[in-house]
Amino acid sequence: MIQYNNVFNNENFKCIAQGGQYFIYEHHKDMSVAPYQATQAYFMEKMNVRKRQVLVQLNNTACKIQAGAMQWMSGNVNMDSGVTGVGNFFGKLAKGAVTGESAAKPIYSGQGYLMLEPTYNFLIIEDIAEWGAGIVLDDGLFLACDGDIKESIVKRSSLTSAAFGGEGLFNLALSGQGYCVLESPVPKEELFEFNLQNDVLKIDGNMAIAWSSTLEFTVEKATKSLLGSAVAKEGFVNVYRGTGKVLMAPTLPGANMSGWNGPEQTSATK
């Protein structure tokens with residue numbers, strides 16, 4: 001038996017979200033700040049820049065996590081590397097290299113608690129069943145998922161999608177019944193959600209962080225002609241076709257216009 005003191009009854013360590021066996025905890029204040037960091041820490045707190053952690057409550061269940069993400073575990077919890085042999089390891093190494101994830105995702109199972117390392121990223125819990133056939137993730141978003149969730153590598157429909165779409169040639173896809181946890185660059189409250197019913201969504205840039213595996217992803221010119229695209233200064237756009245869902249982060253760094261939001265200035269003669 002383990003007694004937990006100043007963990008779940010810590011006024012500075014609050015649960016802000018829950019889904020399945022996952023609980024997201026947030027450190028409201030950074031209590032271990034050096035004097036020369038006090039000003040920076042003060043404004044970080046005001047701007048919602050806080051450390052967050054995922055607690056997994058295993059109840060004879062299992063979860064897969066990014067390698068190196070475990071901080072502590074308690075109870076009757078066992079860890080498996082998720083690698084069954086040399087060939088399997090090199091296969092996972094290749095998959096990790098093209099998706100931005102760790103080569104192997106260790107599996108923790110049993111009954112007890114598993115706490116993941118703190119991060120300044122925003123943590124989002126998604127019910128994979130709500131995505132139908134599955135969810136495709138932008139590179140580097142995966143943090144954890146239920147042990148029964150199936151992983152696969154989705155290849156872009158063409159090299160053009162990789163060259164101009166900014167999404168890479170391969171992405172990690174998750175499918176099945178269960179939950180996953182994503183490390184998002186923006187909070188869930190800022191994410192735009194588009195539900196397509198046999199329709200088309202076009203996004204200027206790689207701001208989609210996740211989309212349904214049923215959607216066809218291509219990269220196309222913003223207009224039918226190269227001249228029109230040049231005049232409009234839009235170039236290529238990421239296109240999602242079909243029926244499914246897209247999560248978009250509209251406030252990603254670089255999502256703003258670099259100049260004034262207005263007409264170009266021209267020189268005038270008197």
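Here's a quick rundown of the structure. These numbers come from a predicted model, not from an experiment.

Turning next to the packing of aromatic side chains. Enumeration over the complete set of coordinates arrives at 11 aromatic pairs. For the ring pair Tyr4 and Tyr113, a centre distance of 5.5 Å and an interplane angle of 85 degrees mean the geometry is edge-to-face. With Tyr4 in the segment before strand 1 (13–19) and Tyr113 in strand 5 (residues 107–116), this residue pair connects regions lying 109 residues apart in the sequence. Between Phe8 and Tyr25 the ring centres are 6.3 Å apart and the planes differ by 55 degrees, which places this aromatic pair in the tilted class. Taken together, the residues span a long stretch of sequence, with Phe8 in the segment before strand 1 and Tyr25 in strand 2 (residues 22–27) at a distance of 17 residues. Residue classification places Phe8 among the partly exposed positions, given a relative accessible area of 33%. We note Lys105 situated over the ring of Phe142; from NZ or CZ to the ring centre the distance is 5.2 Å. In this structure, Lys245 packs its charged tip against the face of Trp131, placed 4.4 Å from the ring centre.

Right, let's get into unusual backbone geometry. Positive phi is not limited to glycine here, since Asn6 has a value of about 60 degrees. Positionally, Asn6 belongs in the segment before strand 1. With relative accessibility at 53%, the residue Asn6 sits in the exposed group. At Asn198, a residue that is not glycine, the phi angle is positive and equals roughly 50 degrees.

So, how was this worked out
- Residues numbered from 1 in each chain as written.
- Predicted model: local features only at pLDDT ≥ 70, side-chain atom pairs only at ≥ 80, totals over all residues.
- Heavy atoms only, no water.
- Phe/Tyr/Trp six-rings, centres within 6.5 Å; stacked < 30°, edge-to-face > 60°.
- Helix = DSSP H or I, 4+ residues; strand = E, 2+ residues; numbered from the N terminus.
- Buried < 20%, exposed > 50% of the residue type's maximum accessible area, 1.4 Å probe, protein only.
- Lys NZ or Arg CZ within 6 Å of the ring centre and 35° of its normal.

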